[in-house]
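# Per-entry structural report
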Amino acid sequence: MYFLFFLSFLGAMVNPGHKLWVLKEKKKAKRGNTQLEDPLVVFGWDVMLMILNHLDARSLALSLMVSRSWHGVASNDAVWAKKCEELWAGKAHLPRISQIKGLSKLAAYSLSIMDGKRSRILKEDLWDHSWEFHFKKSAPGYWLNLDPYWKGTRPLMRRYFHPDGSQTADPDDKVWGGHECCYTIVTSLLGDGKIREHYVRISRWPQMSISRKRDWGWKMSNHLYSYSSIPDAADKKGGTGPCFLAV
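All of the points below concern the structure found in this document. A quick note: this is a predicted structure, and the numbers were derived from the prediction, not measured.

What counts, and at which threshold
Residues numbered from 1 in each chain as written. Predicted model: local features only at pLDDT ≥ 70, side-chain atom pairs only at ≥ 80, totals over all residues. Heavy atoms only, no water. Pairing = 2+ DSSP bridges. Helix = DSSP H or I, 4+ residues; strand = E, 2+ residues; numbered from the N terminus. Axes fitted to C-alpha atoms, helices over the stretch in contact; angles between N-to-C directions. Salt bridge = Lys/Arg side-chain N within 4 Å of Asp/Glu carboxyl O. Buried < 20%, exposed > 50% of the residue type's maximum accessible area, 1.4 Å probe, protein only. 1 Å grid on protein atoms, 1.4 Å probe; cavity = no way out; pocket = protein on both sides within 12 Å on 5 of 7 lines; lining within 4 Å. Points joined across faces, edges and corners; volume = space filled by probe spheres on them. Nonpolar A, V, L, I, M, F, W, Y, C, P; charged D, E, K, R; others polar. Core = buried A, V, L, I, M, F, W, Y, C linked by side-chain atoms within 4.5 Å. Contact = heavy atoms within 4.5 Å.

Taken together, the 6 strands give an open sheet; going across it, the order is 3-2-1-8-7-6, and neighbouring strands pair in antiparallel fashion. With one partner strand each, in any of the chains shown, strand 3 (167-169) and strand 6 (209-212) form the two edges of the open sheet. Taken over all neighbouring pairs, the strand axes of this sheet differ in orientation by 25 degrees on average, direction set aside. Here strand 1 (residues 130-135) runs beside strand 2 (residues 157-161); their pairing, made up of 4 bridges, is antiparallel. From the neighbouring strand, Phe133 faces strand 2, where its bridge partner is Met157.

Now the structure itself:
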């Protein structure tokens, strides 16, 4: 069992004829000509680490279920640290829950995947990011004429959410005008726990729908304007968002 499972895993690292080779080995095993030994016992921990390091994350996760001893080597931080780097590359935001000190790299990878699929925005997500703001084409012409997005100039307008429920803009923002502004996150759930309605509202303006980008960034918009979370700086440590796994 171990031997044939291992042959399948190595298929991605040998020549295209590896499937035929595996089938031949299966026939030998049925005839009793092949000794089925655990590759971990044959090669040892260090060599297995080198081999597992060449697997993709899904195959590596499958190897965790082979046996208790395989789980020990396949869950090693040395292997999953590389997978985390590959997963996080190019992401706008890294979830804070995956950056907790002392967390295993396997747990960090798993929590990152789960948080990256989260479509429910929380107040921590609003606070932790700066947001680019621009009007949509359907907005009144007066606002469009003041918007750098439509004028083709830079930088774009920015908005900032604060823990006290307020929202601010840059001092030289011509659209903002210095008025007070607050925000609200509204979420209603069905009896089975699924989200029925979820939106963010700025003061008395129309509610904004929420969407998640492929790079784990956030977008909020209605028929008048749109907000996009600005990717975190490369040197920002500790991640962003809630420090717990949200649904």
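What follows deals with the pattern of salt bridges. Within the structure shown, the criterion is met by 5 salt bridges. Between Asp115 and Arg118 there is a salt bridge, and its shortest N-O distance comes to 3.1 Å. With relative accessibility at 4%, the residue Asp115 sits in the buried group. Judged by its relative accessible area of 3%, Arg118 is buried. The shortest N-O distance in the salt bridge between Arg118 and Asp125 comes to 2.8 Å. Like Asp125, Arg118 is buried. Salt bridges here are not isolated pairs; linked through shared partners, they connect Asp115, Arg118, Asp125 and Arg212.

With the rule as written, the count across this model stands at 1 cavity of 30 Å³ or more. Of the volumes computed, that of the largest cavity is approximately 50 Å³. In terms of lining residues, the largest cavity is bounded by His93, Leu94, Pro95, Asp115, Arg118, Asp125, His129, Arg212, Trp216, Trp218, Thr240 and Gly241. Tallied by class, the residues present in the lining of the largest cavity amount to 4 nonpolar, 4 polar and 4 charged.

The next subject is unusual backbone geometry. The amide bond that connects Arg154 to the next residue, Pro155, takes the cis arrangement and shows omega of 0 degrees. Positive phi, close to 50 degrees, is recorded for Ser203, a residue that is not glycine. Within the fold, Ser203 resides in the loop between strand 5 (195-202) and strand 6. Phi is positive for Trp216, close to 75 degrees, though the residue is something other than glycine. Mapped onto the elements, Trp216 comes out in the loop between strand 6 and strand 7 (218-221).

As a further point, take the nonpolar core. Counting 23 residues, the largest nonpolar core has Ile202, Met220 and Tyr227 as the members making the most contacts within it. Among the elements that line this core, the one with the most residues is strand 1, at 3 residues. Here Ile202 is in contact with Phe161, Gln167, Cys181, Cys182, Tyr183, Met208, Tyr225 and Tyr227, once residues within four sequence places are set aside. Judged by nonpolar contacts, the second largest core, of 22 residues, contains Leu52, Trp80, Trp88 and Trp216.

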